[in-house]
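Chain and residue survey
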Amino acid sequence: MITGGEPCLYNLIDITKILENNGYKCQIETSGIKNILCSLNTWITLSPKKNKKPTEKSIIVSNEIKFPILEKKDIFYIYEILSSIKDNKKRMIYLQPVNQDKKALEICLNLCKKNNWKLSIQLHKYLNIP
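Residues numbered from 1 in each chain as written. Predicted model: local features only at pLDDT ≥ 70, side-chain atom pairs only at ≥ 80, totals over all residues. Heavy atoms only, no water.

**Things to note about the pattern of salt bridges**
A pair can form between side chains of opposite charge whenever their charged atoms are brought close. Scanning the entire structure with this criterion turns up 5 salt bridges. Residue glutamate 80 pairs with lysine 53 through a salt bridge whose shortest N-O separation is 3.6 Å. Within this pair, whereas glutamate 80 is found in helix H3 (residues 74-83), its partner lysine 53 is found in the loop between strand S2 (43-46) and helix H2 (56-61), the two being separated by 27 residues in sequence. Salt-bridge contacts for arginine 91 lead to aspartate 87; the nearest nitrogen and oxygen are separated by 2.9 Å. (Salt bridge = Lys/Arg side-chain N within 4 Å of Asp/Glu carboxyl O. Helix = DSSP H or I, 4+ residues; strand = E, 2+ residues; numbered from the N terminus.)

Here you go:
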C-alpha cells in the first residue's frame, strides 16, 4: 500500500508497474486532490478530505471510497461526493469514525446499516497500540 501524506503528488506509474511485474499487488490510498498516475491494475482507495474535494478523474478511477466521519454534518459531504459520480462502476463505500469518537461510531453504524456500506475502524487505536 502506498499512502502517507499525499502519494499522488508523484507519478507512481513506474513504481507500481515494477512492483506488479515482480508479483506484488499495489494499492494507493489518496485524498484524490491530484489525478492518480499509476498502473491500470492498482487498487485505488479514495479517502476525500472535507477541505479539498477530489478531482473528477480521481473519483472515476477509485475502487473504493473511505469517508472519515466525526459528526452528522459530515454526512452531507458523503452524499455530495457520491452524487457527483456519473458512472455505474461498483465501488465499496467505507465509513471510518474519527478519533474513536462514540457519536461518530454511532453515525457510521447507522449509515452502514441503512446503505449497506462497510465500517472501517482503526483497530490499533482502539487497542492503544501506537
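**Quick notes on the nonpolar core**
Ranked by size, the top nonpolar core spans 17 residues in total, and within it Ile65, Phe67, Ile69, Ile78, Leu95, Leu111 and Trp117 carry the most contacts. The set of elements that each furnish at least two residues to this core consists of strand S3 (64-69), H3, strand S4 (92-97) and helix H4 (102-115). Once residues within four sequence positions are removed from consideration, leucine 111 is found in contact with Ile75, Ile78, Tyr79, Leu95, Asn116 and Trp117. Residues Leu12, Ile28, Ile36 and Cys38 belong to the second largest nonpolar core, which totals 6 residues. (Core = buried A, V, L, I, M, F, W, Y, C linked by side-chain atoms within 4.5 Å. Buried < 20%, exposed > 50% of the residue type's maximum accessible area, 1.4 Å probe, protein only. Contact = heavy atoms within 4.5 Å.)

**Topic: unusual backbone geometry**
Its identity is not glycine, yet asparagine 99 carries a phi of approximately 60°, on the positive side. Despite not being glycine, glutamine 100 shows a phi value in the positive range, around 55°. Relative to the helices and strands, glutamine 100 is located in the loop between S4 and H4.

**Details of H4**
The first and last C-alpha atoms of H4 sit 20 Å apart over 14 residues, in line with the 20 Å expected at 1.5 Å per residue. For H4, the set of buried residues is Ala104, Ile107, Cys108, Leu111 and Cys112. In an axial view of H4, the angular spread of the buried residues amounts to 125°, which keeps them on one side of the axis. H4 presents Lys102, Lys103, Glu106, Lys113 and Lys114 as exposed residues on the side facing more than 90 degrees away from its buried surface. Of the surrounding secondary structure, the elements contacted by the buried residues of H4 are S3, H3, S4 and strand S5 (118-119). (Expected span 1.5 Å × (residues − 1). Arc of directions from axis to C-beta.)

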